Amino acid sequence: MLARYVVRRILQLIPVLVLVSLAVFLLVRVIPGDPVLVMMGIDQDERARITPEQYRVLQHQIGLDRPIYVQYLNWADKIVHGDFGLSLATRRPIVEIIFERYPATLYLAATALLVGLAIAIPAGVIAAVKQNTKIDYAAMGFALWGVAMPDFWLALMLIVLFSLKLGWLPSIGYASPFDNAGLFLQHACLPAIVMGTELAAPLTRYVRAEMLDQLRQDYVRTAWAKGLPSRMVIVKHALRNSLIAAVTVVGLQTARLLGGATIIETIFSWPGVGRLLIDGIYQRDYPIVQGAVLLIAVTYVFINLIVDIFYKWLDPRIKLE
Amino acid sequence: MKRLLVLILLLIPFFWERLGEGASNQPKRGGTLTLAVSKELALMNPLVNTSSTESRIRELMFEPLLGKDARGAIKPRLAESWEISKDGKVYTFRLRKGVKFHDGREMTADDVKFAIDYTLNPKNGAYGFADMEAVDKAEVADKYTLKVSLKKINPLFLTLLTDIRAFSVVPKESLPEGMRKPASFPPGTGPFKFVEWKPGQRVVFERFADYWGEKAFVDRVVMREIADATVRFTALQAGDVDIIERTPYEWVQQIVQGKIKDIGYATAKQAGARNLEFNVADPPFNNKKLRLAIAHAIDRKEIIQAAYFGLAETSDQRFPKDSIWYFDVPAPKYDLNKAKAYLKEAGYKGETLELMGNRGEVAEVEGAIIQAQLKKVGVKVELKILERASALEARRQGKYMFKLAGGSDYPDPLPAYSEYSCEPDPKDRHLNETAYCDKEYDALMKRAELEVDLEKRKALFKQVVAKVLDDSPVVAIGFTPRFFTFRSYVKGFATNSAGDFQPFIGGLSRAWIDK
């Protein structure tokens, strides 16, 4: 039954991807800018550097002289065959470029997720158990601050504190965790804290609200009454049931993290997909933007699928159909 | 005796320090220099996409035929000498012997011919295509001699050859035809050779031990992209990088004032130009008197002070005051009484004038100051800040009144002043966005296009400049600098007026690490 469900969900993915691809294909073409100039590395203001003859030759070479629907169909046809085309600026295959960048985004997302969970779950649980105490107010204060604060600002402040004033951590850069785990942690620390805080802030509130709800349930009262140790009641009973709602938040946030944190990756010079997308947009590198957005869309849909399956595992009462 | 001993002991530290200083002025070999750049490499083809940072990075590895010294004079580089035929159309270049590519092979005339032919093939999308369009053909006379024939006389030809954006020398057959691009850089002849490029992380270069000229001091140069200017400067202060380009003015001002210690700076004096241009084809600025009124009401010093922290220099011509292309001719000066008189003559009745600028540049600040300055003579100005692409369209179609315009550091007055030559359609403007059109001016420019003799060119351009200042389709404001900043242990680094990493006069190859 699970297999059938997964297949059906994957089939549902197809119309979503067609719509996303159509939308991104059209949107990048609405932004002013000329891909032929991009390819030559010519600034818009220096258009005179290109002769009409050269312009026509190049336009034909990248197929931009054909009607737009033909361009879309050609592109879609190639994608079905796993060919996302070449980047205009670098003339390298999109698939190669994206897979070069994806691990960095993945590792950072995983680290940020760990940081977020490590903050949010204990904070949410303690806040709920100690409702209306100073600990609760502190946790909720943190959550409010975390939601309200712009991530780029926190990033800059952390750089100033930990790199500039204290000199503990590098301000920018990247190392793969498999090449050098220690160096990776040094570099991932600040961006993961920023992204983890962003994730933890709303999650703390969710966990707290759900915990409060569960703690008032009859089964919890029964558990207390029969004299179970409080850790057992809180973690095994109340927390497990609270997490069902939290999974949705975590799932959506994870999808967002995997989509690449464009601003954070740019600030910390992190070589991920988010920065690739931003550069692609600035350079009007259509194939890069199209490829990256499609990848992000697929990630979203798959994470949603995983979240649904996870529900089932957490709560056997939920029916997938 | 005891006193003398004390005196000597007291003096020792003083001399000690002096001795140390003497030693530290001697360049040291070795070490790695990390430069934070604002934008990363895109492509490993030295002849395509040579704009901005891309070409600055490639200047470490590749070289053009000729060089330009600090004052702009043309110097031998890969070509040791050259002769120009009597009719001015055939250039014979004698190449330097013993120049090695990074793969150890010697450079010959065949390689130079290949680079020129590659650039001229429209299928390759080479950046220098338009620059080299004047070339009819390149022929190899012997191993070290190349003959280049032009379609017509081009006084700019040698100047073009000093810039790798036209073309740089690569080994014969090292680049494939068409849009497929090489997986790695072909070997070059420059002071550094390419080691690796990890996209989004770093580009690494190594000192080329067989370089024909002055060899680099450092062993390695590493470039890292830090797009955000504030983070770039923070990374420099934190010691994550040794030198950065494009430092924000507010930080430079603090360094100049001594508020930030242990950071040095190098100035690219004329990285950008700022001008005020009028749409001469349509009302209200088809009225010359109104243009002159504005030209007299602008206080350049105040604009530079406010928008560039006083770090830029003013100029009332398209070239800086110390350039050989700056002429002693009468120009509109800041004079409010004259401005008011011109306004009266122009018949200005308090209409609102729209000033256009690009979003994201300093146009907002400059525009606000100009607005305030013109208010003093009773001119109402409304600012119209547009996105780059929209502003470009408005400029092309002539849908603006007057605008703040950027410009680059032109190597020669011919391209700079061609921007005011007549164009056929004022609704489809190309170079001349002002749509200024004057027969006398065009006749002068036609003569300048065919004049090769320096003194005669100077005489011609003096007339051109006088005409521009008199008719004022443009009011030059000044030149904006760009700053490299570096840790104090980085010595010997200099740049040119445009802000190149490795200009002919030295740059990263002359930098050394003192620690």
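Sequence order sets the numbering: in each chain, residues are counted from 1 along the sequence as written. The lettering of chains begins at A and the numbering of ligands begins at 1, in the order of writing. Local features in this predicted model are restricted to residues whose pLDDT is 70 or higher, and side-chain atom pairs enter the listing and the counts only when it is 80 or higher, whereas totals over whole chains, interfaces and linings include all residues. Excluding hydrogens and water, the side-chain figures rest on all heavy atoms present in the structure.

What follows covers the overall build of chain B. Secondary structure summary: chain B contains 14 helices and 19 strands in total. Expected size for 515 residues packed as a compact globule is a radius of gyration near 24 Å; at 26 Å, chain B falls within 12% of this value. With the C-alpha coordinates of chain B rotated into their principal frame, the extents come out at 80 × 75 × 45 Å. Partly exposed residues are those whose accessible area sits between 20% and 50% of the maximum for their type, while under 20% is buried and over 50% is exposed, using a 1.4 Å probe and protein chains only. When the 515 residues of chain B are sorted by exposure, 54% land in the buried category. Only DSSP runs of H or I reaching four residues or more are called helices, and only runs of E reaching two or more are called strands; each is numbered from the N terminus. With the radius of gyration taken over C-alpha atoms, the globule rule is written as 2.2 Å times the number of residues to the power 0.38.

All right, on to the pattern of salt bridges then. The term salt bridge refers to a side-chain nitrogen of Lys or Arg lying within 4 Å of a carboxyl oxygen of Asp or Glu. Counted according to the given criterion, the structure contains 39 salt bridges over all chains. Taking the shortest distance from any N to any O, the salt bridge between Glu100(A) and Arg92(A) comes out at 2.7 Å. What makes Glu100(A) partly exposed here is its relative accessible area of 33%. A salt bridge links Arg221(A) to Asp218(A), with the shortest nitrogen-to-oxygen separation between them at 3.5 Å. Taken together, the positions of Arg221(A) and Asp218(A), both in helix H9 (residues 218–225) and three residues apart, correspond to about one turn of that helix. For the residue pair Arg221(A) and Asp218(A), the accessibility class agrees, reading exposed in each case. Via salt bridges that share partners, Lys288(B), Asp438(B), Lys467(B), Asp470(B) and Asp471(B) belong to a single interconnected network.

So, on to the packing of helix H8 (residues 300–307) of chain B against helix H10 (residues 363–375) of chain B. All names here are of chain B. Axis definition: a line fit to C-alpha positions, over the contact stretch in the case of helices; interaxial angles, taken between N-to-C directions, run 0 to 180 degrees. In the contact formed by H8 and H10, the axes pass within 9 Å of each other and the chain directions differ by 145°. The element H8 and its partner H10 pack so that their crossing is right-handed. Residue-level inspection shows Glu302, Ile303, Ala306 and Ala307 of H8 in contact with H10, the latter providing Val365, Glu366, Ile369, Ile370 and Gln373. The residue makeup of the contact of H8 with H10, split by class, is six nonpolar, one polar and two charged. A crossing counts as left-handed when the near helix is turned anticlockwise from the far one by less than a right angle, and as right-handed when that turn is clockwise. Only heavy atoms matter for contacts: two residues are in contact if any of them lie within 4.5 Å across the pair. Each residue receives one of three labels: charged for Asp, Glu, Lys and Arg, nonpolar for Ala, Val, Leu, Ile, Met, Phe, Trp, Tyr, Cys and Pro, and polar for the others, Gly being one of them.

With that settled, the discussion passes to the side chain of Arg487(B). All names here are of chain B. With respect to the helices and strands, arginine 487 occurs in strand E17 (residues 474–487). Under this rule, positive means Lys or Arg and negative means Asp or Glu; His and the chain ends count for nothing. The buried charged residue arginine 487 lacks any salt bridge partner; its closest oppositely charged side chain belongs to aspartate 262, at an N-O distance of 6.0 Å. Between N or O atoms, a polar contact is any pair within 3.5 Å; within protein, one atom must be a potential hydrogen donor and the other a potential acceptor, and residues adjacent in sequence are included only when both atoms are from side chains. Among the polar contacts made by the side chain of arginine 487, one reaches the main-chain carbonyl oxygen of leucine 236 at a distance of 2.7 Å. If near-sequence neighbours (up to four positions away) are discounted, arginine 487 is found in contact with Leu236, Gln237, Ala238, Gly239, Val241, Asp242, Asp262 and Ile263.

Here we come to the domain arrangement of chain A. Frequently, the measure chosen for interface size is the accessible area removed from exposure when the parts meet. Residue and element names in this part refer to chain A. Those domain boundaries reflect an automatic or database domain assignment. Partitioning chain A into structural domains gives domain 1 (32–83) and domain 2 (96–314). Each of domain 1 and domain 2 has a C-alpha centre, and the two are 39 Å apart. Opposite the six residues of domain 1 that make contact, domain 2 presents five residues. Here domain 1 meets domain 2 over a buried area of about 520 Å², counting both sides, of which 64% is carbon and sulfur. Three residues stand out in domain 1 for area buried against domain 2, namely Pro35, Val38 and Trp75, and they jointly supply 65% of the buried area on that side. The term buried area means the drop in 1.4 Å probe accessible area that two parts suffer when joined, counted for both and summed.

All names here are of chain B. When two cysteine sulfur atoms lie within 2.5 Å, the pair is treated as a disulfide. A complete count under the given rule lists one disulfide over all chains for this structure. Sulfur-sulfur distance for the disulfide between cysteine 422 and cysteine 437 comes to 1.9 Å. Between cysteine 422 and cysteine 437, the S-S torsion sits near 105°, and that sign places the bridge as right-handed. One end of the pair, cysteine 422, is in the loop between helix H12 (413–418) and helix H13 (439–450); the other, cysteine 437, is in the loop between H12 and H13, with 15 residues separating them in the sequence.

Between the first and last C-alpha of helix H10 (residues 230–258) of chain A there are merely 37 Å, a value that for 29 residues lags more than 12% behind the 42 Å anticipated at 1.5 Å per step. Note that bend, as reported per residue, equals the angle between axes fitted to the 7 residues terminating at that residue and the 7 residues originating from it. Of all the bends in H10(A), the greatest, near 45°, is centred on Leu239(A). What a helix should span is 1.5 Å times the count of its residues minus one.

Here the focus is unusual backbone geometry. Residue Pro283(B) is joined to Pro284(B) through a cis peptide bond whose omega torsion reads 0°. One can find Pro284(B) in the loop between strand E12 (263–278) and helix H7 (288–297). With a phi close to 60°, Arg91(A) is a non-glycine residue in the positive phi region. Locating Arg91(A) in the fold gives a position in the loop between helix H4 (68–80) and helix H5 (94–129). Non-glycine residue Ser269(A) carries a positive phi angle of around 50°.

The next point concerns the sheet that holds strand E6 (residues 135–142) of chain B. Residues and elements named next belong to chain B. Whether two strands pair depends on DSSP finding at least two bridges between them. Strand order in the open sheet formed by four strands is E4-E5-E7-E6, and the pairing between neighbours is antiparallel. One side of each edge strand has no neighbouring strand; the edge strands of this open sheet are strand E4 (79–84) and E6. Across the sheet, the mean angle separating the axes of adjacent strands is 20° when strand polarity is ignored. Each of strand E5 (90–95), E6 and strand E7 (145–150) touches helix H3 (residues 109–120); the most contacted strand, E6, lies at about 165° to it.

This part takes up the interface of chain B and chain A. Taken together, the contact between chain B and chain A spans 41 residues of the former and 42 residues of the latter. With both chains or domains summed, chain B and chain A bury close to 3,600 Å², and 55% of this area falls on carbon and sulfur atoms. The interface formed by chain B and chain A includes one salt bridge. Among the salt bridges present, the one from Glu225(B) reaches Arg275(A), with a minimum N-O distance of 2.2 Å. Between chain B and chain A we count six residue pairs in polar contact (both at pLDDT 80 or more) in total. Of all the secondary-structure elements, those providing two or more residues to the side of chain B that touches chain A are strand E10 (220–225), helix H5 (229–238) and helix H11 (388–397) of chain B. Each residue belonging to the side of chain B that touches chain A can be placed in one class, and the counts come to 18 nonpolar, nine polar and 14 charged.

The next thing to look at is the environment of Val298(A). Residue and element names in this part refer to chain A. When you line up the elements, valine 298 lands in helix H13 (residues 286–314). On the accessibility criterion, valine 298 (25% relative accessible area) is partly exposed. For the pair valine 298 and isoleucine 14, spaced 284 residues apart in sequence, the C-alpha to C-alpha distance is 9.9 Å.

Each residue carries a pLDDT value, the predictor's own confidence for that position, ranging from 0 to 100. Mean pLDDT for chain A: 84, with 96% of residues reaching 70 or above. Here helix H2 (residues 35–40) of chain A stands out as the least confident element of chain A, with mean pLDDT 77; H5(A) is the most confident, with 90.

Time to look at the nonpolar core. To qualify as a nonpolar core, a set must consist of buried Ala, Val, Leu, Ile, Met, Phe, Trp, Tyr and Cys residues joined through side-chain atoms within 4.5 Å. Counting 71 residues, the largest nonpolar core has Met211(A) and Phe268(A) as its most contacted members. Among all residues touching Phe268(A), those that are not within four sequence positions of it are Ala155(A), Ile159(A), Ser171(A), Ile172(A), Gly173(A), Leu190(A), Pro191(A) and Val194(A).

Before going further, it helps to examine a nonpolar patch on the surface. Residue and element names in this part refer to chain A. For patch detection, residues must exceed 30% relative accessible area and be free of salt bridges, and they are connected within 9 Å for like charges or within 5 Å for nonpolar side chains (Val, Leu, Ile, Met, Phe, Trp, Tyr). Methods summary: accessible areas were calculated by the Shrake-Rupley approach with a probe of 1.4 Å, and residue burial reflects only the protein chains presented. On the surface, a nonpolar cluster with roughly 490 Å² of combined accessible area is contributed by Leu22, Leu26, Ile68, Tyr69 and Leu73. Contributions of two or more residues to the nonpolar patch are made by helix H1 (2–30) and H4. No other element matches the three residues that H4 contributes to the nonpolar patch. Tracing the sequence through the fold places leucine 73 in helix H4. Owing to a relative accessible area of 52%, leucine 73 belongs among the exposed residues under this scheme.

Bringing the pairing of strand E9 (residues 202–207) of chain B into the picture now. All names here are of chain B. Pairing of strand E8 (residues 192–198) with E9, which is carried by six bridges, proceeds in the antiparallel orientation. Following the sheet pairing, phenylalanine 192 is matched in E9 by arginine 207. The antiparallel hairpin formed by E8 and E9 contains three residues in its connecting segment, where glycine 200 sits at a positive phi of about 80°.

Attention now moves to the packing of aromatic side chains. All names here are of chain B. Pairing of aromatic rings covers Phe, Tyr and Trp, the last counted by its six-membered ring, and requires centre-to-centre distances within 6.5 Å; plane angles under 30 degrees mean stacked, over 60 mean edge-to-face, and any other angle means tilted. Counted under the stated rule, the structure contains 30 aromatic pairs over all chains. Seen in terms of ring centroids, phenylalanine 114 and tyrosine 118 are 6.0 Å apart; in terms of plane orientation they differ by 45°. Their pairing is tilted. With phenylalanine 114 and tyrosine 118 both in helix H3 and four residues apart, this pair spans about one turn of that helix. Judged by centre distance (4.9 Å) and plane angle (65°), the ring pair of phenylalanine 484 and phenylalanine 493 falls under edge-to-face. Of the two residues, phenylalanine 484 and phenylalanine 493, both sit in the buried class.

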